[in-house]
Amino acid sequence: MLNHKKIQIKICLGTTCHVLGGAELQNLEADLPENITHLVEVRRSNCLGLCKNHKNMKAPYVLVDEQPVSEASVVKVLDLLTEKLLSQLGDKDDSK
Amino acid sequence: MIVNNNAIRLKRQIMIRICELFYEGRLTEGIELLPYELRPRENDSTRCCIYFDREIIKHRSLAVLGRHIVNEDRPLRLKDEAAESLQSDNIEGDYSLEVLQQACAGCVRKRYFVTNACRGCLARTCMMNCPKNAIEMNDGKAMVSEKKCINCGKCLSACPYHAIVYVPVPCEEVCPVGAIDRNSQGEQFIDPGKCIYCGKCMVACPFGAVVEKSSIIQVMKLLESDKPIIALYAPALVGQFKAEPSQLVAALGELGFASAIPVTLGAAKTVEHEAQELSEIEEGDFMTSSCCPAWVETVHKHLPEFKEKVSKTATPMHYTAEYVAENFDDAVRVFISPCIAKKHEAVNDLFVDYVLTFEELGSMLVARDIEVENCTGQLIDNEIANEQKFCLSGGVAECVKAEIVNTEVNERIINGIDKKTVRLLKTMTKIPPDENFIEVMSCRGGCVGGCSVVSYDRISKRRIQELTELAQAETESIN
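Okay, so let's go over this structure. (Residues numbered from 1 in each chain as written. Chains lettered and ligands numbered in written order. Predicted model: local features only at pLDDT ≥ 70, side-chain atom pairs only at ≥ 80, totals over all residues. Heavy atoms only, no water.)

Residue and element names in this part refer to chain B. All chains considered together, the criterion is met by 33 salt bridges over all chains. Close ionic contact of Asp 285 with Lys 309 constitutes a salt bridge, the shortest N to O distance being 2.8 Å. Note that Asp 285 is positioned in the loop between helix H12 (264-280) and strand S11 (287-288) and Lys 309 in the loop between helix H13 (293-302) and helix H14 (316-327), a separation of 24 residues in sequence. Judged by relative accessible area, Asp 285 falls into the partly exposed class, the value being 26%. Overall, the relative accessible area of 23% leaves Lys 309 in the partly exposed class. With a closest N to O distance of 3.0 Å, Lys 343 and Glu 360 form a salt bridge. Remark: Glu 360 occurs in helix H16 (residues 358-367) and Lys 343 occurs in helix H15 (residues 341-347); sequence separation between them is 17 residues. Connected through salt bridges with shared partners, the residues Lys 11, Arg 12, Glu 212, Lys 343, Glu 359 and Glu 360 form a single ionic network. (Salt bridge = Lys/Arg side-chain N within 4 Å of Asp/Glu carboxyl O. Helix = DSSP H or I, 4+ residues; strand = E, 2+ residues; numbered from the N terminus. Buried < 20%, exposed > 50% of the residue type's maximum accessible area, 1.4 Å probe, protein only.)

Okay, structure coming up:
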């Protein structure tokens, strides 16, 4: 039984992220594979302030355990999430 | 309705950048750099090369500036066009949807195509079922001869490996009225005599080749002037952002609008008149709604037999604009719209001066760094009117039903105009429907599924239903 903290996913609901396609990310929970939903916590947040860096063009942003995903799509977020979950599993094996 | 694909993103990026340049006071100086900013050398190109990408971006910028796009071989001076736009009170030409030939990938005519999943099987069911002998064997695999193929689709159904696919021309596939087609010069062309301005081709084109003109420059100029500019916002706006209606109104205020009037105001009048009209029609007769301009255009250009059946009641936009014109002297009236069709309706409406789509509004908000969720609205009038439902399929019928007296309403809801529904409606001219009220909305789901929205229709719909229920609960608790 994994005792690790749930992976925190924060979807930015800021206006910039929203206008540049963030609305698609609203369905993220529905697209999470069933076997990992208990390992992930999806939250929404007001503007994360990430859009200021690149002149708005890399929005929408999603944070996966504080790591930003730019030009985020459900697929990109799931990719990073999978990477993080796998590395968590890797840590557990090492500690044995 | 998909809000996130790269064609739509690019369009919005260009719009946002142009708004930013305008707000910085450097539109003419900065616009020539725009293609380079969006496609810097180190990035990958979307098409054959960075240079082609940049060229197309220049053309797209023209449409955002409200200028004619250039399909002929002549030089394009963005700086000059920007200067012209800044001096004009209106867009150049009209609001017709056009195909930007540079961007059009010239999709191969719709066809049936054998993929390499074909196993060159013994059964040859494809060949055996083809009524025109259009399938030949080539190097052990089946191949469809385009010359002989009549697009019947039998081969697709027959193949046991599903190796045969139907490859559509997306814009033609989605156009309900056959308005977009290849012309004699071999170019994709939108026939203005057939186009109903529904915007479906614009959303469907995977290359973003269908462009619309914006009057965003004109509206931004006015907002900076001393004139009072009043926003008339469509009911669908309320579901677009995760914010209270009062916050939306506050955001509009921050953009410079003197005030924001919900179009549900005019919708109440539409309901009143439409219910009256419906109660006066003869037994056995039927009437259709008139608030969707793409529907009205469909009737005008393709279903003339329906003309008499369309309600004579004006649209909520019209009544609201009329009210504002009568009560706010000298104000400029800007309708905030979920779609392009309203731009056309507004051209012929005395009371509406400009139309801004949700996409255009969103771009302005982003350019000004206005966070709708952080705006604080005045809490006085958070009341959501019943007519909020107008932007949801079935909502207009519901409101009319609730209003009408002494008449039973038997409604038929046409949720989205597509090729199938146009054929269905054509039959109704010969065989009248059993129902007496037909509500027609061009966009699936209603206006929340409009071609220029910034939020998923399912989410907007849920949001609006939440707000309506909350408002109803509040009214009930007060009573």
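The next subject is the sheet that holds S11(B). Consider a sheet: its strands pair through backbone hydrogen bonds, and that pairing is either parallel or antiparallel. Residue and element names in this part refer to chain B. Spatially, S11-S15-S14 is the arrangement adopted by the three strands of the open sheet, whose pairing is parallel. Each edge of the sheet is formed by a strand with only one pairing partner; in this case those strands are S11 and strand S14 (411-415). Alignment of S14 against strand S15 (residues 437-441), held across five bridges, turns out to be parallel. Looking at the pairing, Ile 414 lines up with Val 440 of S15. (Pairing = 2+ DSSP bridges.)

Next up on the list: the packing of aromatic side chains. All names here are of chain B. Overall, the coordinates contain four aromatic pairs over all chains when judged by the stated rule. Centre to centre, the rings of Tyr 112 and Tyr 166 are 5.0 Å apart; their planes meet at 40°, and the pair counts as tilted. With Tyr 112 in strand S2 (residues 111-114) and Tyr 166 in strand S5 (residues 164-167), this pair connects stretches of sequence that are 54 residues apart. One aromatic cluster in this structure is built from Phe 286, Trp 295 and Phe 306. (Phe/Tyr/Trp six-rings, centres within 6.5 Å; stacked < 30°, edge-to-face > 60°.)

Residues and elements named next belong to chain B. Topologically, Met 137 is positioned in strand S3 (residues 135-138). The exposure class of Met 137 is partly exposed, given its relative accessible area of 28%. With 226 residues separating them along the chain, Met 137 and Ser 363 place their C-alpha atoms 53 Å apart. Among residues more than four places away in sequence, those in contact with Met 137 are Gly 120, Arg 124, Met 127 and Ala 142. (Contact = heavy atoms within 4.5 Å.)

Attention shifts here to the pairing of strand S12 (residues 332-337) of chain B. Remember that side chains alternate between the two faces of the sheet whenever the strand is regular. All names here are of chain B. When you tally the buried positions in S12, you get six out of six residues, the bulk of the element. The two faces of S12 match: Val 332, Val 334 and Ile 336 on one face and Arg 333, Phe 335 and Ser 337 on the other face are all buried. With five bridges connecting them, strand S9 (residues 229-233) and S12 associate as parallel partners. Counted as the bridge partner of Ile 229 is Val 332 from S12. The pairing of S12 with strand S13 (residues 354-357) spans four bridges and is classified as parallel. Of the residues in S13, the one forming a bridge with Phe 335 is Val 355. Handedness of the crossover is the feature at issue here: the chain leaves S12, passes through H15, returns alongside S13, and the resulting connection is right-handed. (Right-handed = clockwise from strand over helix to strand, strands pointing away.)

This brings us to the sheet that holds strand S4 (residues 67-69) of chain A. Residues and elements named next belong to chain A. In spatial order, the strands read S2-S1-S3-S4; together these four strands make up an open sheet with mixed pairing. What marks the edges here is a single partner per strand, and that holds for strand S2 (40-45) and S4. Along the sheet, successive strands turn relative to each other by an average axial angle of 25°, direction set aside. (Axes fitted to C-alpha atoms, helices over the stretch in contact; angles between N-to-C directions.)

The values reported here are purely geometric and, on their own, carry no functional implication.
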